[in-house]
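Topology and contacts: notes
So the chains spell out like this:
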Amino acid sequence: MTQQMIFVNLATNDLDASKRFFTALGYGINEQFSDENTVSVVIGEAVVAMLHTKQRYAEFTKKEIADSTKTSEVLLALSAESREKVDELVERALAAGGSVSRETQDEGFMYGRAFDDLDGHTWEVAWMDPSALEG
């Protein structure tokens, strides 16, 4: 079976600022699928965030575009290899202009933090002890 991919499409207020934000987190840009209205951010082998100007995003939906600074449209969750990697990614996000979305959650076997990007989209980053999954 071919690996399925997910393309997360998000509206942004400032495409250039969002591009700088996500590259500051260490993610690459797929220039082949990027232009003056869209930036394709490669998060993982099977995960891509498609950041669009609001005008471009509106071409894909008849619905009103959510103001993600005031309403929650989606919670995006990313896995991390370790607790340290959770902290590293969130600290990069904060240094690049993101904000803390909620308090750190530390359950011992599971550790997570969350940040809001420049447009208010919430990104959760979590690590789970693999041995906890075995039991």
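Criteria and cut-off values
- Residues numbered from 1 in each chain as written.
- Predicted model: local features only at pLDDT ≥ 70, side-chain atom pairs only at ≥ 80, totals over all residues.
- Heavy atoms only, no water.
- Helix = DSSP H or I, 4+ residues; strand = E, 2+ residues; numbered from the N terminus.
- Contact = heavy atoms within 4.5 Å.
- Areas by Shrake-Rupley, 256 points an atom, 1.4 Å probe, with all protein chains shown as cover.
- Lys, Arg positive; Asp, Glu negative; His and termini not counted.
- Charge placed at Lys NZ, Arg CZ, Asp CG, Glu CD.
- Phe/Tyr/Trp six-rings, centres within 6.5 Å; stacked < 30°, edge-to-face > 60°.
- Buried < 20%, exposed > 50% of the residue type's maximum accessible area, 1.4 Å probe, protein only.
- Salt bridge = Lys/Arg side-chain N within 4 Å of Asp/Glu carboxyl O.
- Polar contact = N/O pair within 3.5 Å; in protein donor to acceptor, adjacent residues only side chain to side chain.

**Some remarks on the overall build of the protein**
Regarding its fold elements, the protein presents 4 helices and 8 strands. Start at the N end of the protein and walk to the C end: the helices and strands fall as β-α-β-β-β-α-β-α-β-β-β-α. Taken along its principal axes, the extent of the C-alpha atoms in the protein is 45 × 40 × 30 Å. Counting contacts in the protein only where the partners sit at least 6 residues apart, residues at least 24 apart contribute 50% of the total. A total accessible area of about 8,400 Å² is found for the protein, and carbon and sulfur atoms account for 49% of it. Taking the 12 positively charged and 24 negatively charged side chains of the protein as two groups, their mean positions are separated by 5 Å.

**As for the packing of aromatic side chains**
One pair of aromatic rings is described through two measures. These are the centre distance and the angle between the planes. The full count for this structure, using the stated rule, is 3 aromatic pairs. Aromatic side chains Phe-21 and Phe-22 sit 5.1 Å apart centroid to centroid with 85 degrees between the ring planes, which places their arrangement in the edge-to-face category. With respect to class, Phe-21 is no different from Phe-22; both count as buried. Ring geometry for Phe-21 and Phe-115: centres 6.2 Å apart, planes at 55 degrees, overall tilted. Residue Phe-21 is located in helix H1 (residues 15-24), and its partner Phe-115 is located in strand E7 (residues 110-116); the two are separated by 94 residues in the primary sequence. A relative accessible area of 2% means that Phe-21 is categorised as buried.

**Overview of the pattern of salt bridges**
A side chain with one charge may pair with a side chain of the opposite charge, provided their charged atoms come close. Tallying each qualifying case throughout the model produces 10 salt bridges. Residue Arg-56 is joined to Asp-35 by a salt bridge in which the shortest nitrogen-to-oxygen separation is 3.7 Å. Taken together, the residues span a long stretch of sequence, with Arg-56 in helix H2 (residues 54-57) and Asp-35 in the loop between strand E2 (28-29) and strand E3 (38-44) at a distance of 21 residues. Between Glu-124 and Arg-102 there is a salt bridge, with its nearest N and O atoms 3.7 Å apart. In this pair, Glu-124 is assigned in strand E8 (residues 122-128) and Arg-102 in strand E6 (residues 99-106), connecting sequence segments 22 residues apart.

**Here's the deal with the side chain of Thr-38**
By the element assignment, Thr-38 lies in strand E3. We classify Thr-38 as buried; its relative accessible area is 3%. At 2.9 Å, the side chain of Thr-38 forms a polar contact with the side chain of His-52. For Thr-38, the contacting residues outside a window of four places in its chain are Leu-15, Phe-33, Met-50, Leu-51, His-52 and Arg-56.

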